[in-house]
Amino acid sequence: MERFSVIVSGFDRYESVDVNPSREVPEALESQGLKLGSNSETNSTSDVDDDVSFDCEIHIHSVMLPVSFTNAWPTLKAAIDRYHPDIVIATGLKHAARGIALERCATNLMDAARPDADNVKPRKIAIVEEGPAAYWTRLPLRSILEDFSTHNIPATLSSDAGTYVCNSLFYHLLNWTSHQQKVLSGFVSFPLVNEHGGNLYGLPLKQQIAAGRDVVKETLRYYREPATRDVVIV
């Protein structure tokens, strides 16, 4: 039986955010796994979802990172060295989002309008000297969006993850991935947790966890049966 290792990372704490979806979602995916229904407490299963079956074993590892230009990537890299993942999905928070934002591109730029957790505030500095200007995500965005639509999860494509710690982490991750033979990786931004719905920013936490599950499921599907239509979005 095939075995797959998946890392889903989030961030420890955001200032002024009581319920941090980029912490709650990865931890829920690790504890619940991908199987819906009676075996949702396990993170190792032969059924990925009710409507799609894989003859494989999936282990999801949640990793929490500091909101730090200096330490976020080394923390994630240490987890990568430990778990040897086939898939790495980094997540963060977008305060002014009404749904899930699938990040398309990581740019080689740090330009912080506010200090990070270490009180560091880089301005217009390259993340990797002489590195490419940008990297494209390795996630199958089209199929993820289609799955979101099926499950009525509001979502959008985002051109980039900004120029703060999220983007820096995303760039380092894709830079590392570009040297791997077969690893898929990307970045997903969650909105604030909003349990009341309506026209306010954010989504209920349960819906965000379902979105995280869809991202892992569709990325695994693409890993096993890659198709250009699943990943290329203009």
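Draft legend 1. Inspection of the overall build of the protein chain at higher detail. Helix and strand counts for the protein chain come out as 6 helices and 10 strands. Taken over 234 residues, the protein chain has a buried fraction of 53%. Sequence separation of at least 24 residues holds for 75% of the intrachain contacts in the protein chain that already meet a minimum separation of 6. Within the structure as shown, the protein chain displays about 11000 Å² of accessible surface, and the carbon and sulfur contribution to it stands at 48%.

Draft legend 2. Broad picture of the packing of aromatic side chains. For the structure shown, the criterion picks out 5 aromatic pairs. Geometrically, the ring pair formed by F11 and Y14 is edge-to-face, given 5.9 Å between the ring centres and 65° between the ring planes. Neither residue differs from the other here; F11 and Y14 are each classed as buried. When the ring of Y135 is compared with that of Y171, the centres are 5.1 Å apart and the planes differ by 50°; the resulting orientation is tilted. Here Y135 is found in strand β8 (residues 134–136), whereas its partner Y171 is found in helix α4 (residues 165–177), with 36 residues between them in sequence.

Draft legend 3. How the structure looks around helix α1 (residues 21–32). For α1, with 12 residues, the first-to-last C-alpha span of 15 Å sits near the 16 Å given by 1.5 Å per residue. Those residues of α1 that sit buried are P21, S22, V25, P26, A28 and L29. Down the axis of α1, the sector holding all buried residues measures 160°, keeping them to one side. Elements that come into contact with the buried residues of α1 comprise β1 (2–11), β4 (56–65), β5 (87–93), β10 (184–190) and α5 (205–224). A side-chain oxygen of the first residue of α1 lies 3.0 Å from the backbone nitrogen of S22; this N-cap is N20. Positioned one or two residues after α1, G33 has a phi angle of 70°, which is positive.

Draft legend 4. Inspection of α5 at higher detail. In this model, α5 (20 residues) spans 29 Å end to end at C-alpha, consistent with the 28 Å of a helix rising 1.5 Å per residue. The buried count for α5 comes to 15 of 20 residues, which makes it a mostly enclosed element.

Draft legend 5. Region of the structure containing the packing of helix α3 (residues 141–150) against α5. Between α3 and α5, the shortest axis-to-axis distance is 9 Å and the interhelical angle comes to 140°. With respect to their mutual orientation, α3 and α5 come out oblique. You can see that α3 and α5 cross each other, and the crossing is right-handed. Every residue of α5 that contacts α3 at S143, I144, D147 and F148 is listed here: A211, D214, V215, K217, E218 and T219. Its residues assigned to classes, the contact of α3 with α5 shows 4 nonpolar, 2 polar and 4 charged.

Draft legend 6. Representation of the pattern of salt bridges within the structure. As enumerated under the stated definition, the model contains 11 salt bridges in all. Put simply, K217 and E218 hold a salt bridge, and the shortest N to O gap is 3.8 Å.

Draft legend 7. Highlighting the sheet that holds β10. Here 6 strands make up an open sheet; going across it, the order is β4-β1-β5-β10-β6-β9 and the pairing mixed. Each edge of the open sheet carries a strand with a single partner, namely β4 and β9 (155–158). The mean inter-strand angle of the sheet, taken between neighbouring strand axes irrespective of direction, is 25°. Relative to β4, β1 runs parallel, the two being bridged by 10 bridges.

Rules behind the numbers
Residues numbered from 1 in each chain as written. Predicted model: local features only at pLDDT ≥ 70, side-chain atom pairs only at ≥ 80, totals over all residues. Heavy atoms only, no water. Helix = DSSP H or I, 4+ residues; strand = E, 2+ residues; numbered from the N terminus. Buried < 20%, exposed > 50% of the residue type's maximum accessible area, 1.4 Å probe, protein only. Contact = heavy atoms within 4.5 Å. Areas by Shrake-Rupley, 256 points an atom, 1.4 Å probe, with all protein chains shown as cover. Phe/Tyr/Trp six-rings, centres within 6.5 Å; stacked < 30°, edge-to-face > 60°. Expected span 1.5 Å × (residues − 1). Arc of directions from axis to C-beta. Polar contact = N/O pair within 3.5 Å; in protein donor to acceptor, adjacent residues only side chain to side chain. Axes fitted to C-alpha atoms, helices over the stretch in contact; angles between N-to-C directions. Parallel < 35°, antiparallel > 145°, perpendicular 65-115°, else oblique. Left-handed = near helix turned anticlockwise from the far one by under 90°. Nonpolar A, V, L, I, M, F, W, Y, C, P; charged D, E, K, R; others polar. Salt bridge = Lys/Arg side-chain N within 4 Å of Asp/Glu carboxyl O. Pairing = 2+ DSSP bridges.

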